[in-house]
Amino acid sequence: MIDGTGTETTHGNKLLQLIFIGLFCLFTVMPVVFFSTASESGGETMLRSEKEVAGFSVGRLVQRIQSLKEDFNDNFGFRSYLVSVYNFVNYKLQINGNEKVLSGADGWLFLNTSALMEDILGQNVFTNDELEQWRRYMTIKHRALKDRGVEYVFVMAPNKHVIHRDRLPGRFRPVQGNTRADQWYRFMEAHTEVPIVNLTEFMKRAGKTIPCYSATDTHWNEYGAAICQESVVDVLN
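Residues numbered from 1 in each chain as written. Predicted model: local features only at pLDDT ≥ 70, side-chain atom pairs only at ≥ 80, totals over all residues. Heavy atoms only, no water.

## What to know about the overall build of the protein
Phase 1 of the analysis: Along its length, the protein carries ten helices and four strands.
Phase 2 of the analysis: Listing the helices and strands of the protein from first to last along the sequence gives α-α-α-α-β-β-α-α-β-α-α-β-α-α.
Phase 3 of the analysis: Taking all 237 residues of the protein together, 24% fall into the buried category.
Phase 4 of the analysis: Pairs at least 24 residues apart make up 65% of the contacts formed inside the protein by residues separated by at least 6 positions.
Phase 5 of the analysis: For the protein, the exposed area adds up to about 16600 Å²; of that, 58% sits on carbon and sulfur atoms. (Helix = DSSP H or I, 4+ residues; strand = E, 2+ residues; numbered from the N terminus. Buried < 20%, exposed > 50% of the residue type's maximum accessible area, 1.4 Å probe, protein only. Contact = heavy atoms within 4.5 Å. Areas by Shrake-Rupley, 256 points an atom, 1.4 Å probe, with all protein chains shown as cover.)

This is the structure:
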């Protein structure tokens, strides 16, 4: 059974589709119009460039194509606005245009590489030979500097993923105590006399109240840097 309401709904859907089509065409044409207008303002420059390439050569042709490409990029209407909208939509829909960026909770972004993710998930651990090589290297360096009267302290910057693991998607949260850094710290503290500052524990405690890293960057912020500086100074003193 079909009544008048269904007919009106169908007409309404068609009207909505036509509106969307019209808006799409408008936004498609406007940047081109903007580009044309901007290009006309520099008409004399473009004519002069055309005269310069009148004597055809491959080098000049390539140069001309590159010039046109740069001109188009500079004058494409609403370019920056459209790029911003595109990135915003991708971010909100969790569609990352860059595979090396991982979207976490509360707008946090993390570096996403296969080697890094395998590390924090405990899937890429050191071998005993690799740890032994590290021990020999650290011991030789420590003794050489000590003989010269230089105090040597080893400091390793922790990954943002480990310090703020609560901001990562659940499937990517580090396995506690199984990262390469955790394995390295345990081995070195047990087999060497080299003074080592484990910033991970300091920053984890501090990061529970105030973020130690920037939400959209891989580097620590001023607060995180201050925590690290204080930790190193305490060991030196």
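Back to the text.
## Brief notes about the state of the cysteines
Phase 1 of the analysis: Across all of its chains, the model carries zero disulfides by this definition.
Phase 2 of the analysis: Free of any disulfide, Cys228 has its nearest cysteine sulfur in Cys212, 7.4 Å distant.
Phase 3 of the analysis: Residue classification places Cys228 among the buried positions, given a relative accessible area of 5%. (Disulfide = S-S within 2.5 Å.)

## Some details on unusual backbone geometry
Phase 1 of the analysis: Phi is positive for Asp106, close to 60°, though the residue is something other than glycine.
Phase 2 of the analysis: Within the secondary structure, Asp106 sits in the loop between β1 (101–103) and β2 (109–111).

## A short note on the side chain of His142
Phase 1 of the analysis: Within the fold, His142 resides in helix α6 (residues 128–147).
Phase 2 of the analysis: Judged by its relative accessible area of 15%, His142 falls in the buried class.
Phase 3 of the analysis: Beyond its immediate chain neighbours, meaning those up to four positions away, His142 contacts Tyr152, Glu193, Val194 and Pro195.

## Comments concerning the confidence of the model for the protein
Phase 1 of the analysis: Confidence along the protein averages 76 in pLDDT terms, with 68% of residues attaining 70 or more.
Phase 2 of the analysis: Summarising per-element confidence for the protein, the mean pLDDT is lowest in helix α2 (residues 43–52) (49) and highest in α6 (94). (pLDDT = per-residue confidence, 0-100.)

## Observations concerning the packing of aromatic side chains
Phase 1 of the analysis: What the rule picks out here adds up to seven aromatic pairs.
Phase 2 of the analysis: Both rings, one in Trp134 and one in Trp184, keep their centres 5.7 Å apart while their planes meet at 90°; by these two values the pair is edge-to-face. Highlighted residues: Trp134 in helix α6 and Trp184 in helix α8 (residues 180–191), separated in sequence by 50 residues.
Phase 3 of the analysis: By relative accessible area, Trp134 is classed as partly exposed at 31%.
Phase 4 of the analysis: Between Trp184 and Tyr185, the ring centres sit 5.6 Å apart and the planes meet at 80°, which makes this aromatic pair edge-to-face. The same class applies to Trp184 as to Tyr185, namely buried.
Phase 5 of the analysis: Here a set of aromatic residues connected by ring pairs shows up, and it is made of Trp134, Tyr137, Phe154, Trp184 and Tyr185.
Phase 6 of the analysis: Above the plane of the ring of Phe110 lies Lys160, whose end atom (NZ or CZ) is 4.8 Å from the centre. (Phe/Tyr/Trp six-rings, centres within 6.5 Å; stacked < 30°, edge-to-face > 60°. Lys NZ or Arg CZ within 6 Å of the ring centre and 35° of its normal.)

## Observations concerning the pattern of salt bridges
Phase 1 of the analysis: In total, this model carries three salt bridges according to the counting rule given.
Phase 2 of the analysis: Linking Glu132 and Arg135 is a salt bridge whose minimum nitrogen-to-oxygen distance equals 2.7 Å. In this pair, Glu132 and Arg135 are both assigned in helix α6, three residues apart and thus about one turn of the helix distant.
Phase 3 of the analysis: Judged by its relative accessible area of 24%, Glu132 falls in the partly exposed class.
Phase 4 of the analysis: Note that Arg136 is salt-bridged to Glu132, the shortest N-O span being 3.7 Å. One end of the pair is Arg136 and the other is Glu132, both in helix α6 and four residues apart, which spans about a single turn. (Salt bridge = Lys/Arg side-chain N within 4 Å of Asp/Glu carboxyl O.)

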